[in-house]
Amino acid sequence: MSCEEKIKEIVCEIVGIAKEEINPNASFMDDMGLDSLRALEILAAIENEFSITIEPERLREMTTLNNVIKLTKEYLGDMK
Amino acid sequence: MISYNEIQSVLKQKAPFIFVDKVIEHNKGKKIVSLKNVTGNELFSAFHFPDDPVYPGIFIIESIAQTTAILCSLAMEEDEKDQIQFLALGGLQRFSFYKPVRPGDILRIEVTAVKLLHQMAIVKATARVDDILVAEGQLTFGAVKNE
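Parameters at a glance
- Residues numbered from 1 in each chain as written.
- Chains lettered and ligands numbered in written order.
- Predicted model: local features only at pLDDT ≥ 70, side-chain atom pairs only at ≥ 80, totals over all residues.
- Heavy atoms only, no water.
- pLDDT = per-residue confidence, 0-100.
- Helix = DSSP H or I, 4+ residues; strand = E, 2+ residues; numbered from the N terminus.
- Pairing = 2+ DSSP bridges.
- Axes fitted to C-alpha atoms, helices over the stretch in contact; angles between N-to-C directions.
- Contact = heavy atoms within 4.5 Å.
- Buried area = accessible area lost by both parts, 1.4 Å probe.
- Salt bridge = Lys/Arg side-chain N within 4 Å of Asp/Glu carboxyl O.
- Expected span 1.5 Å × (residues − 1).
- Buried < 20%, exposed > 50% of the residue type's maximum accessible area, 1.4 Å probe, protein only.

Focus on the confidence of the model for chain A
Confidence in the prediction of chain A, expressed as mean pLDDT, is 91, and 96% of residues score 70 or more. Confidence, expressed as mean pLDDT per element, reaches its minimum in chain A at helix α3 (residues 65-79) of chain A with 90 and its maximum at helix α1 (residues 3-15) of chain A with 94.

Details of the sheet that holds strand β2 (residues 31-37) of chain B
All names here are of chain B. Strand order across the open sheet formed by six strands is β1-β2-β4-β5-β6-β3, with antiparallel pairing between neighbours. One side of each edge strand has no neighbouring strand; the edge strands of this open sheet are β1 (22-27) and β3 (84-97). Averaged over all adjacent pairs, the angle separating strand axes in this sheet is 25°, with direction ignored. As paired strands, strand β4 (residues 106-116) and strand β5 (residues 120-129) are joined by nine bridges and run antiparallel to one another. Residue pairing for β5: Lys 115 is matched across the bridge by Ile 122.

A closer look at the interface of chain B and chain A
Note: interface size is frequently given as the accessible area lost on complex formation between the parts. Contacts between the two partners involve 14 residues from chain B and, on the opposite side, 13 residues from chain A. Together, the buried faces of chain B and chain A total about 940 Å²; carbon and sulfur atoms form 72% of this surface. When the buried area of chain B at its contact with chain A is split by residue, Lys115(B), Leu117(B) and Met120(B) rank highest and sum to 50% of it. The interface formed by chain B and chain A holds two salt bridges in total. Taking the shortest distance from any N to any O, the salt bridge between Arg94(B) and Glu13(A) comes out at 3.7 Å.

Digging into α1(A)
All names here are of chain A. Relative to the 18 Å expected for 13 residues at 1.5 Å per residue, α1 spans 18 Å between its end C-alpha atoms, a close match to the ideal helical length. By the burial criterion, the buried members of α1 are Cys 3, Lys 6, Ile 7, Ile 10, Val 11, Cys 12, Ile 14 and Val 15. In the segment just after α1, Gly 16 is the residue with positive phi, at about 80°.

Considering helix α3 (residues 57-75) of chain B
The terminal C-alpha atoms of α3(B), which comprises 19 residues, lie 27 Å apart, in line with the 27 Å expected from a rise of 1.5 Å per residue. In terms of burial, α3(B) is a largely internal element, 14 of the 19 residues being buried.

Things to note about the pairing of β2(B)
Looking along a regular strand, one sees the side chains alternate between the two faces of the sheet. Residues and elements named next belong to chain B. Within β2, five of the seven residues are buried, leaving the element largely enclosed by the surrounding structure. As defined by bridge partners, β1 adjoins β2 across five bridges and the pair is classed as antiparallel. Bridge pairing links Glu 25 to Val 33 in β2. Here β1 folds back onto β2, and the loop between the two strands holds three residues, one of which, Gly 29, carries a positive phi near 70°.

Take a look at the structure:
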């Protein structure tokens, strides 16, 4: 499974939405009704899955699936 | 070790709504282990259930939540503590109960921080009686700030 697919799976599980239904550019908070605690859950799950540590202040950037993918890839890139 | 008297001063809850009797291990901001003695003298045993008292699962969750509140409180600076009214339970993820807990049991609550931020926390927790796992799961908390 690709990195993008795995992130999508994590996000969809926490958001409670089918993978086929998620709009990668939809806002977690405005469009899906997520709160900051669920966003933190996404951050923690991604850290655990990819063995990375994301600075807490970057949490505010995790507003859409695409943004989460972009941020995660940035950290995975740093590991290379 | 953190005694019951110290726990009372750390928690925002007051007796008889304190569900942690003693902290036996503490690693600042990372992990905490507490004990809760379940007794037949507690109100639940008369009603839940009269002929076969079972400690309510929600009380196990409250024990975990209060243990987490102690972990967070001990990890905060004094000025941070002054800003926070209390730590609110925001969600449970993959939380399961495995065995009933009864009067006479000693609950051992182990809480490990997954992510501890200033205003939010995610922890993994286990509850054991005599080394047997009775409940486990992940919990999410948010701090309710003073107005």
